[in-house]
Amino acid sequence: MFVRGELEKIESKILNGKRLNRDDGEKLFACNELSWLGALADHVRKKICGDRVYYNVNCHVNLTNICVSCCKFCAFGRNVDDKGSYAMKIDDAIKLVAEASRDPHLSGLHIVSGLHPTWTFDNYLAFVEVLHEKFSKLHIKGFTGVEIQHFANISGLSVEEILIRLKNAGLEAIAGGGAEILSDRVRNLLCPKKATANQWLNVAKTAHKLGIKTNASMLYGHIETFSERVEHLIRLRELQDETGGFQTFICFPFLPKNTALEKEIKQTSMWDDLRTMAISRLMLDNFRNIKAYWVMLTVPVAQVALSFGANDIDGTIHRENILHDAGATSPRALAEDEIIKIIREAGRIPFATGGNS
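Keep in mind that what you see is a predicted model, and the values were worked out from it rather than measured.

1. Regarding the environment of asparagine 58
Item 1. Along the chain, the position of asparagine 58 falls in strand β2 (residues 58-62).
Item 2. Taking the relative accessible area as the measure of exposure, asparagine 58 reaches 4% and is therefore buried.
Item 3. A C-alpha to C-alpha distance of 31 Å links asparagine 58 and aspartate 81, two positions 23 residues apart in sequence.
Item 4. Engagement of the side chain of asparagine 58 in a polar contact is seen with the side chain of asparagine 56, the distance being 3.0 Å.

Here is the structure:
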């Protein structure tokens, strides 16, 4: 393949296994050669992880949508008295997981929640303890770096102490959300009431020190610049260099419906989604797994993303709430045979992860 000038230099770096720098990343976001980007990302994907595409049979457990953060990009969070607000009791969570467990292949739980104004850390911890006790064979991935920081803030415990207690209760990995864009400018404008960029990274670093794997994400397509997207990817890459503790990176396109930004910002295009997926693969050279999250991308775009650097398509989910409140048009769940079909149609090999992707 041949491209002129600066893009040719970037291509040479990639094909020779050399790391891209900040300037390279910004040039890639300015590039309109989508098929070229996809081919390079697919080359790197195949070199790093072959043709396997990972998925899991999982169940999302969203404990409450009552949240003190009031993030401008969120359609899920509610105040206590708002219509549609809810707070699960432990029996509600047990019922939900028991229903999902009718699928004999269910392997994992994905527990994320709002930052409830009156719940204590022990309230959240109790859910993990009980679900681990009653469904001991299920891998529990739970809470984001934002939630972990919130637990430390309301309890007076350190982040390390919070993580140790969660690990002892049965938590095996931490979800990747809450990273949004790791820029204080963006966070101060959109989500000033929750963890800073440095705090989010510190939670991940502390978890890795304790042997807890975490995931990472990027919410793009709102007020961030391309330079801030590149900075976000570099900060993740630097921490992965240091700890090696990230399992998977997830690209989240911003869905504006029912958010405070709905009238200001249009939803990302498929072009931007695929470009961002490819550049993430190229910049994050020390991440094995790049996820095409079908809930936000839609199934067709997630399937195409498997040729733009992605090697993970998430899971069956059972029932998703957070992103559908923001206007996601994808199904709320997929059957395992549907996911397998999607992967095989893309010419890849489906591989179940046991709930920990």
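Additional details are given in the paragraphs that follow.
2. As for the packing of aromatic side chains
Item 1. Summed over all chains, the structure comprises 13 aromatic pairs.
Item 2. The rings of Trp119, Phe121, Tyr124, Phe127, Phe143 and Phe151 are connected pair by pair, giving a single aromatic cluster.

3. Focus: empty space enclosed by the protein
Item 1. Overall, the coordinates contain two cavities of 30 Å³ or more when judged by the stated rule.
Item 2. Space inside the largest cavity adds up to approximately 40 Å³.
Item 3. Around the largest cavity, the lining residues are Gly145, Ile174, Ala175, Trp200, Val203, Ala204, Thr214 and Asn215.
Item 4. It is helix α9 (residues 197-209) that contributes the most residues to the lining of the largest cavity, three residues altogether.

4. Side note on helix α5 (residues 121-134)
Item 1. Helix length check: α5, at 14 residues, gives a terminal C-alpha distance of 20 Å against a target of 20 Å (1.5 Å per residue), a fit within 8%.
Item 2. Of the positions making up α5, those classed as buried are Phe121, Tyr124, Leu125, Ala126, Phe127, Val128, Val130 and Leu131.

5. Here's the deal with the packing of helix α2 (residues 22-29) against helix α10 (residues 226-243)
Item 1. One way to put it is that α2 packs onto α10 with a least axis distance of 9 Å and a crossing angle of 135°. What the angle tells us is that α2 and α10 run oblique. The interaxial crossing formed by α2 with α10 has right-handed handedness. Residues Arg22, Gly25, Glu26 and Phe29 of α2 form the contact with α10, whose participating residues are Phe226, Ser227, Arg229, Val230, Glu231 and Ile234.
Item 2. Taken together, the residues of the contact of α2 with α10 sort by class into four nonpolar, two polar and four charged.

6. Concerning the layout of surface pockets
Item 1. In this structure, the second largest pocket spans a volume of roughly 180 Å³.
Item 2. Contributing to the lining of the second largest pocket are Ile14, Gly17, Lys18, Arg19, His43, Val44, Lys47, Ile48, Leu282 and Asp285.
Item 3. Ranked by the residues each element gives to the lining of the second largest pocket, the list is headed by helix α3 (residues 34-49), at four residues.
Item 4. Tallied by class, residues from the lining of the second largest pocket come to four nonpolar, two polar and four charged.

7. Description of unusual backbone geometry
Item 1. A positive phi angle is found at cysteine 70, which is not glycine, with a value near 55°.
Item 2. Following the sequence through the fold, cysteine 70 ends up in the loop between β2 and α4 (90-100).
Item 3. Here cysteine 70 falls in the partly exposed class, since its relative accessible area comes to 46%.
Item 4. You will see that aspartate 314, though not glycine, has its phi angle at about 70°, which is positive.
Item 5. Along the chain, aspartate 314 falls in strand β9 (residues 312-315).

8. A short note on the pattern of salt bridges
Item 1. The tally for this structure, following the rule as stated, stands at 20 salt bridges.
Item 2. Between glutamate 180 and lysine 194 there is a salt bridge, with the nearest N and O atoms lying 2.6 Å from each other. Of this pair, glutamate 180 sits in the loop between β5 (173-174) and α8 (184-190) while lysine 194 sits in the loop between α8 and α9, and the two are 14 residues apart along the sequence.
Item 3. Classification of glutamate 180 by relative accessible area gives buried; the value is 10%.
Item 4. Taken together, the salt bridges that share partners define one network made up of Asp42, Arg45, Lys46, Asp51 and Arg348.

9. Notes on the side chain of arginine 45
Item 1. Along the chain, arginine 45 falls in helix α3.
Item 2. For arginine 45, a relative accessible area of 2% gives the class buried.
Item 3. One polar contact links arginine 45 to aspartate 42, side chain to side chain, over a distance of 2.8 Å.
Item 4. Only 2.9 Å separates the side chain of arginine 45 from the side chain of aspartate 51, close enough to count as a polar contact.

10. Quick notes on the packing of α2 against helix α11 (residues 270-283)
Item 1. Where α2 meets α11, the axes come as close as 10 Å, and the angle between the chain directions of the two elements is 160°. The orientation of α2 relative to α11 falls into the category roughly antiparallel. The two elements α2 and α11 cross, and the hand of that crossing is right-handed. Here α2 contributes Gly25, Leu28 and Phe29 to the contact with α11, which in turn contributes Arg275, Thr276, Ile279, Leu282 and Met283.
Item 2. Residue classes in the contact of α2 with α11 are distributed as five nonpolar, two polar and one charged.

Scoring rules and cut-offs
- Residues numbered from 1 in each chain as written.
- Predicted model: local features only at pLDDT ≥ 70, side-chain atom pairs only at ≥ 80, totals over all residues.
- Heavy atoms only, no water.
- Helix = DSSP H or I, 4+ residues; strand = E, 2+ residues; numbered from the N terminus.
- Buried < 20%, exposed > 50% of the residue type's maximum accessible area, 1.4 Å probe, protein only.
- Polar contact = N/O pair within 3.5 Å; in protein donor to acceptor, adjacent residues only side chain to side chain.
- Phe/Tyr/Trp six-rings, centres within 6.5 Å; stacked < 30°, edge-to-face > 60°.
- 1 Å grid on protein atoms, 1.4 Å probe; cavity = no way out; pocket = protein on both sides within 12 Å on 5 of 7 lines; lining within 4 Å.
- Points joined across faces, edges and corners; volume = space filled by probe spheres on them.
- Expected span 1.5 Å × (residues − 1).
- Axes fitted to C-alpha atoms, helices over the stretch in contact; angles between N-to-C directions.
- Parallel < 35°, antiparallel > 145°, perpendicular 65-115°, else oblique.
- Left-handed = near helix turned anticlockwise from the far one by under 90°.
- Contact = heavy atoms within 4.5 Å.
- Nonpolar A, V, L, I, M, F, W, Y, C, P; charged D, E, K, R; others polar.
- Salt bridge = Lys/Arg side-chain N within 4 Å of Asp/Glu carboxyl O.

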